[in-house]
Amino acid sequence: MTEQSPPTEDQVIEMFSALSRLTADGSQACDAGTLVRVLSSFRGLKLGWSKVIEVFDWPDRQGVDTGTLKLLIAILMNTPKDADKPAVAGFWSVWKNQLYQLRLLDALLSLPGDTFNFVNLPGRRVVTVDDVAAASPTIKSLAATVQSGTWNSLDLFEVLVRLGDSENELIRSYVKDMLDKAIRISADIVHMGLLQAPVRTSYMMKESGFDKPLQKPWNALQEEYLRQLLAMFLGGHPNHQLVFMRIWQIEPTYLTTALRGFYDDNPMNITRILDVAQDLKILDSLLDVRPFVFALDVAALASRREYLNLDKWITDNVQAHGAEFLHGIITFLDLKMQNEKIVRTTDPSAENRTMALNPSTIAIFLSALRSYRDVIDERDIHYCLETLTSCLQ
């Protein structure tokens with residue numbers, strides 16, 4: 001092998017295939033790192049280094065031995081980082097022995113950061129400081145802390161999501177084990193990674209004559225873990241600000257729907273919901289979420305904390321939505337008064353099931369109903385009068 005007569009791609013692949021088998025058998029092999037650097041120096045060598053990693057896709061392999069792991073690291077860390085197909089991309093392809101693919105990835109992820117870290121290799125990241133450049137110093141500091149973790153690889157999460165949809169129960173179970181370990185290490189990265197990783201299928205557009213990627217909704221694995229992680233972060237995880245910021249950037253509808261669901265689970269969660277909205281500066285977007293009862297509860301608490309001019313907000317919504325919005329106010333006040341009655345009349349006193357309104361907030365809503373009585377739907381007149389009476393008792 002010389003600069004003038006470099007090896008072919010097939011020769012290099014065969015070379016590393018032999019090396020991988022020798023290493024797995026425990027035989028003494030050459031210095032793989034030096035070999036990789038020498039081969040990389042040949043300008044005439046046209047090689048997709050990802051194919052070298054794919055030679056480890058052996059149908060009969062199960063366990064991961066130390067020699068194989070060291071050989072893999074030597075290849076990954078010494079191949080050109082600017083290659084069109086870097087070596088690490090071989091792990092993101094579709095393998096025949098998918099369980100062994102997962103075991104190799106798991107072994108690499110379990111190594112100390114100073115021994116191996118996927119962040120040191122080419123690839124797409126789940127989060128970087130640049131993603132939150134316009135955020136608060138607190139969020140930027142959180143991003144700086146987590147961006148160097150070995151799990152900060154969107155390519156990795158795409159592989160796990162794809163294999164987590166496998167028909168093979170052993171493969172699905174192994175993916176879950178890996179994610180469970182990852183959550184203990186960096187739950188924030190897992191949440192953001194699963195949220196961004198698409199489940200891709202392909203179909204042939206025969207009329208157009210080309211393949212077009214089709215992105216499906218989240219699969220069962222993503223749904224399961226996203227629910228679990230959402231509950232964790234809504235409960236007050238230390239890195240919740242970073243996670244919610246990225247969710248808002250990536251899937252804003254997912255976040256608003258999640259916050260509404262959190263409210264449906266327990267209306268007393270409204271304080272936590274407003275805290276998140278204020279952290280992210282998304283109060284206006286949250287006030288557009290339906291049903292109106294949810295938006296009204298957010299608005300009432302925001303007004304109480306002096307984040308919102310409630311009179312103006314009501315006026316704007318009556319102009320935009322008319323009788324439908326006023327019906328929402330009546331229903332909202334009715335629910336609040338029913339809760340107040342239960343708390344007052346139960347012995348011992350029952351806990352509030354919804355955030356109580358202070359007298360000044362009730363007065364603003366009642367004033368709006370009086371001011372816009374001509375807009376109220378005729379079918380709601382009696383309901384409105386009953387609710388007004390209940391509020392004044």
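Calculation criteria
Residues numbered from 1 in each chain as written. Predicted model: local features only at pLDDT ≥ 70, side-chain atom pairs only at ≥ 80, totals over all residues. Heavy atoms only, no water. Helix = DSSP H or I, 4+ residues; strand = E, 2+ residues; numbered from the N terminus. Buried < 20%, exposed > 50% of the residue type's maximum accessible area, 1.4 Å probe, protein only. Polar contact = N/O pair within 3.5 Å; in protein donor to acceptor, adjacent residues only side chain to side chain. Contact = heavy atoms within 4.5 Å. Phe/Tyr/Trp six-rings, centres within 6.5 Å; stacked < 30°, edge-to-face > 60°. Core = buried A, V, L, I, M, F, W, Y, C linked by side-chain atoms within 4.5 Å. pLDDT = per-residue confidence, 0-100.

Undergrad: Now, about the side chain of N117: what can you tell me, with residues and values included?
TA: In this fold, N117 is placed in the loop between α5 (98–109) and α6 (137–146). Here N117 falls in the buried class, since its relative accessible area comes to 10%. From its side chain, N117 meets the backbone nitrogen of T150 in a polar contact 3.5 Å long. Leaving out residues up to four positions away in the same chain, N117 has contacts with S148, G149 and T150.

Undergrad: Give a detailed account of the packing of aromatic side chains, specifying residues and quantitative values.
TA: Counted under the stated rule, the structure contains 12 aromatic pairs. Both rings, one in W151 and one in F157, keep their centres 5.7 Å apart while their planes meet at 45°; by these two values the pair is tilted. Under the relative-accessibility criterion, F157 is labelled buried at 0%. Considering the side-chain rings of W218 and Y254, the 5.2 Å spacing of their centres and the 85° angle between planes classify their relative orientation as edge-to-face. Of this pair, W218 sits in the loop between β2 (210–216) and α9 (220–234) while Y254 is found in helix α11 (residues 252–265), placing the two residues 36 residues apart along the sequence. We classify W218 as partly exposed; its relative accessible area is 24%. The buried category is assigned to Y254, whose relative accessible area is 14%.

Undergrad: Let's hear about helix α12 (residues 270–280): which residues, and what values?
TA: Residues spaced three or four apart along an α-helix face the same direction, because each turn holds 3.6 residues. Of the residues making up α12, those classed as buried are I270, R272, I273, L274, V276, A277 and L280. At its buried positions, α12 is contacted by α9, α10 (240–250), α11, α13 (283–286) and α14 (292–304). Directly after α12, the chain includes K281, whose backbone phi takes a positive value near 60°.

Undergrad: I'd like a description of unusual backbone geometry, backed by residues and values.
TA: Generally, phi is negative for residues other than glycine and the peptide bonds are trans, each holding for most cases. Backbone torsion omega between R290 and P291 reads 10°, so that peptide bond is classified as cis. Unusually for a residue other than glycine, K281 sits at a positive phi of about 60°. Examined against the element boundaries, K281 turns out to sit in the loop between α12 and α13. K281 sits in the exposed class, given a relative accessible area of 70%.

Undergrad: Give a detailed account of the nonpolar core, specifying residues and quantitative values.
TA: A general feature of soluble globular proteins is that nonpolar side chains tend to end up buried together. F16, F91 and W313 are the most contacted members of the largest nonpolar core, which has 132 residues in total. If one sorts the elements of this core by residue count, helix α8 (residues 169–196) sits on top with 13 residues. If we ignore the near neighbours within four places in the chain, the residues touching F91 are I53, L72, L76, Q101, L104, L105, L108 and V159.

Undergrad: Before we move on, can you summarise the confidence of the model for the chain with the specific residues and values?
TA: Per-residue confidence for the chain gives a mean pLDDT of 90, with 93% of residues at or over 70. Contacts for the low-pLDDT stretch residues 200–216, under 50 throughout, to residues beyond four places or in other chains number 21 contacts.

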